Amino acid sequence: MEESLPCVSSMASAETLFEVPFSLNSYHVSEKLGFVLPDPLEELPPYYQPWMDIALRVPELVHSHELRSHINKMPLLSSKFLQRHRELRLAHLALGMMTMGYVWQEGENDTVDILPCSLAVPYWEVSQRLGLPPILTHADAVLANWKKKDPEGPFSMENLELLVTLPGGESVWGFFMVTLLVELAAVPALKNIPVVINGVRNGDAEMVALALERIAESIEEMNDALKLMHGDSDIVTECYTFCHQKSMLIIVFIPSVRGAFSLLWGHEDLPVWVLTWKDNPTMPHGLIYEGVQMEPMEFSGGSAAQSSLLHCFDELLGVKHEENSGAFLTRMRNYMLPAHKQLIQDLSLQPSLRAFVQQQASNPLKEAFHLCVTKLLALRSYHINVVSRFITVQASLARQMQVQSQRSKAGEMISKAPKALEERGTGGSSIMTFLKTVRDHTKDACLSETMKEIKH
């Protein structure tokens with residue numbers, strides 16, 4: 001029988017943590033898949049078929065403007081028959097996709113103030129049991145939203161499908177799949193984090209250096225996976241070709257391994273999706289979850305800043321984020337599964353790797369640490385390049401198109417969408433400022449004797 005999500009005590013002291021070798025076993029991290037949920041379920045128990053019937057049709061029902069009416073007629077189902085962790089994860093994914101579709105069916109000019117009881121109550125209950133907020137998160141849309149076409153085949157773009165999706169077709173699929181592959185590329189790095197920590201505890205410079213080299217290789221593989229979204233794949237090229245030929249808008253997801261991901265635009269018959277009701281001027285008071293509480297609640301939309309990967313690397317390597325960027329990243333940890341959030345917290349309690357490297361008279365160790373930081377820096381710099389290409393440049397293009405177009409419904413959408421989406425991500429961050437600040441903080445983690453090698 002499938003085990004429930006393990007609980008990790010937040011009261012653990014540093015002394016208790018150091019009594020036994022550090023391990024990932026108690027943090028719900030898969031040996032083969034890291035933070036990715038192994039073998040997500042494709043179906044819920046028959047009682048919940050009304051949910052799945054609608055969730056699997058979200059793109060179609062948004063396009064026909066019928067999703068809200070279907071959800072308004074949906075029966076109120078109890079969540080008590082969801083017994084296993086993977087059942088809860090699929091339920092949270094399905095309810096989250098329906099919620100996004102319900103709120104944004106007509107775009108930002110016709111949002112809703114109240115999520116109906118038949119959706120809000122079970123969504124809240126499932127969220128409470130998982131320790132996640134009632135909004136679509138990275139843990140849902142990426143970590144628990146995949147299946148292989150050929151179960152025995154590889155993890156590749158050609159062999160992966162989404163369980164549930166949003167409007168946007170191939171671009172949505174491409175975004176989620178690339179982000180999933182970035183997560184999977186990080187698995188060797190995750191497996192070597194305990195090796196580094198235990199090596200530091202035991203004063204074994206050689207062990208630490210070898211583990212850091214493997215982590216650096218894994219971070220480079222993450223960067224290679226991210227490049228699938230940056231012109232090395234036909235997915236994005238085809239989307240923009242369509243956009244330019246039709247002179248209209250098309251939904252395009254933009255990956256943010258460190259910061260928030262954004263949607264640039266939507267087809268004229270689809271909404272511009274801004275997947276958040278926190279710090280969103282179109283929903284300044286948040287959303288009322290009917291049957292849960294009378295006051296509206298605010299939650300940040302799905303963001304790759306909710307991925308635990310780089311939070312772990314930052315804690316390991318001593319990357320310190322201050323002021324606004326640090327506050328945003330700390331808040332994003334509340335959108336992670338509790339065990340993953342606890343892992344990040346416990347990593348912060350470990351002896352300082354950076355101080356250990358500085359104290360050791362080992363050039364291979366210093367070189368390995370330097371390599372790790374520079375690979376992480378390269379990943380964040382490349383991500384800035386991706387965001388610039390797919391948000392900043394395309395926003396400028398959209399403004400030019402707006403000037404050339406007639407004042408139509410599509411033209412109005414062009415005029416409204418670019419500035420807001422250029423400036424802010426779905427998680428509520430100021431995209432370019434945030435990413436550049438995070439990159440600079442990464443650079444600051446380098447040892448003083450190696451800083452001159454990476455100054456730009």
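Look a little higher up for the structure.
For the structure given in this document, a descriptive report is provided here.

Procedures and definitions
- Residues numbered from 1 in each chain as written.
- Predicted model: local features only at pLDDT ≥ 70, side-chain atom pairs only at ≥ 80, totals over all residues.
- Heavy atoms only, no water.
- Helix = DSSP H or I, 4+ residues; strand = E, 2+ residues; numbered from the N terminus.
- Buried < 20%, exposed > 50% of the residue type's maximum accessible area, 1.4 Å probe, protein only.
- Contact = heavy atoms within 4.5 Å.
- Areas by Shrake-Rupley, 256 points an atom, 1.4 Å probe, with all protein chains shown as cover.
- Phe/Tyr/Trp six-rings, centres within 6.5 Å; stacked < 30°, edge-to-face > 60°.
- Axes fitted to C-alpha atoms, helices over the stretch in contact; angles between N-to-C directions.
- Parallel < 35°, antiparallel > 145°, perpendicular 65-115°, else oblique.
- Left-handed = near helix turned anticlockwise from the far one by under 90°.
- Nonpolar A, V, L, I, M, F, W, Y, C, P; charged D, E, K, R; others polar.
- Salt bridge = Lys/Arg side-chain N within 4 Å of Asp/Glu carboxyl O.
- Patch = residues over 30% accessible without salt bridge, like charges linked within 9 Å, V, L, I, M, F, W, Y side chains within 5 Å.
- Lys, Arg positive; Asp, Glu negative; His and termini not counted.
- Charge placed at Lys NZ, Arg CZ, Asp CG, Glu CD.
- Core = buried A, V, L, I, M, F, W, Y, C linked by side-chain atoms within 4.5 Å.

### Let's talk about the overall build of the protein chain
Moving on, step 1. Within the protein chain one finds 18 helices and 6 strands.
Moving on, step 2. Across the 456 residues that make up the protein chain, the buried fraction comes to 58%.
Moving on, step 3. Excluding contacts between residues fewer than 6 apart, the proportion of contacts in the protein chain whose partners are at least 24 apart in sequence is 76%.
Moving on, step 4. Here the protein chain has roughly 19,100 Å² of accessible surface; of this, 50% comes from carbon and sulfur atoms.

### Quick word on the packing of aromatic side chains
Centre-to-centre distance and the angle between the planes together describe a pair of aromatic rings.
Moving on, step 1. Tallying each qualifying case throughout the model produces 7 aromatic pairs.
Moving on, step 2. On the basis of an interplanar angle of 70 degrees and a centroid distance of 4.9 Å, the ring pair of Tyr47 and Phe81 is categorised as edge-to-face. Note that Tyr47 is positioned in the loop between helix H1 (14-18) and helix H2 (49-55) and Phe81 in the loop between helix H4 (67-72) and helix H5 (85-104), a separation of 34 residues in sequence.
Moving on, step 3. Overall, Tyr47 belongs to the partly exposed group, its relative accessible area being 35%.
Moving on, step 4. Members of the aromatic cluster, each reached through a chain of ring pairs, are Tyr47, Tyr48, Trp51 and Phe81.

### Structural notes on the packing of H5 against helix H6 (residues 117-130)
Moving on, step 1. Axis separation between H5 and H6 bottoms out at 9 Å; the angle between their running directions is 140 degrees. With respect to each other, H5 and H6 are oriented oblique. Crossing geometry of H5 relative to H6 is assigned as left-handed. Seen from H5, the contacting residues are His85, Leu88, Arg89, Ala91, His92, Leu95, Gly96, Met98 and Thr99; seen from H6, they are Leu119, Pro122, Tyr123, Val126, Ser127, Arg129 and Leu130.
Moving on, step 2. Of the residues assigned to the contact of H5 with H6, the class counts are 9 nonpolar, 5 polar and 2 charged.

### Quick notes on unusual backbone geometry
Moving on, step 1. Positive phi, close to 55 degrees, is recorded for His28, a residue that is not glycine.
Moving on, step 2. Along the chain, the position of His28 falls in the loop between H1 and H2.
Moving on, step 3. Classification of His28 as partly exposed rests on a relative accessible area of 25%.
Moving on, step 4. Although it is not a glycine, Asp39 sits at a positive phi angle of roughly 45 degrees.
Moving on, step 5. Topologically, Asp39 is positioned in the loop between H1 and H2.
Moving on, step 6. Look at Asp39 and you get exposed, because its relative accessible area is 54%.

### A few points about the pattern of salt bridges
Moving on, step 1. If you walk through the whole model with that rule in mind, you get 10 salt bridges.
Moving on, step 2. Here Arg57 and Glu60 are joined by a salt bridge, their closest N and O atoms 2.7 Å apart.
Moving on, step 3. Take Arg57: its relative accessible area is 31%, and that puts it in the partly exposed class.
Moving on, step 4. You can call Glu60 partly exposed: its relative accessible area is 45%.
Moving on, step 5. For the salt bridge of Lys147 with Glu161, the shortest nitrogen-to-oxygen distance reads 3.8 Å. On the criterion of sequence distance, the pair formed by Lys147 in strand S2 (residues 147-148) and Glu161 in strand S3 (residues 160-161) is long-range, its members being 14 residues apart.

### Overview of a negative patch on the surface
Moving on, step 1. On the surface, a cluster of negative charge is contributed by Glu213, Glu217, Glu221 and Glu367.
Moving on, step 2. For the negative patch, the leading source of residues is helix H10 (residues 205-226), giving 3 residues.
Moving on, step 3. The topology assignment puts Glu213 in helix H10.
Moving on, step 4. A relative accessible area of 33% means that Glu213 is categorised as partly exposed.

### As for the nonpolar core
Moving on, step 1. Formed by 128 residues in total, the largest nonpolar core has its most connected members in Trp51, Met98, Leu212, Met222 and Leu353.
Moving on, step 2. Top element by residues in this core is H5. It accounts for 12 residues.
Moving on, step 3. Those residues in contact with Met222 that sit more than four places away from it in its chain are Val182, Ala185, Ala186, Leu309, Leu310, Phe313 and Leu379.

### Some details on the environment of His441
Moving on, step 1. Within the secondary structure layout, His441 lies in helix H18 (residues 431-444).
Moving on, step 2. The spatial distance from the C-alpha of His441 to the C-alpha of Lys320 is 6.3 Å, given a sequence separation of 121 residues.
Moving on, step 3. Those residues in contact with His441 that sit more than four places away from it in its chain are Val319, Lys320, His321, Glu322 and Ser325.

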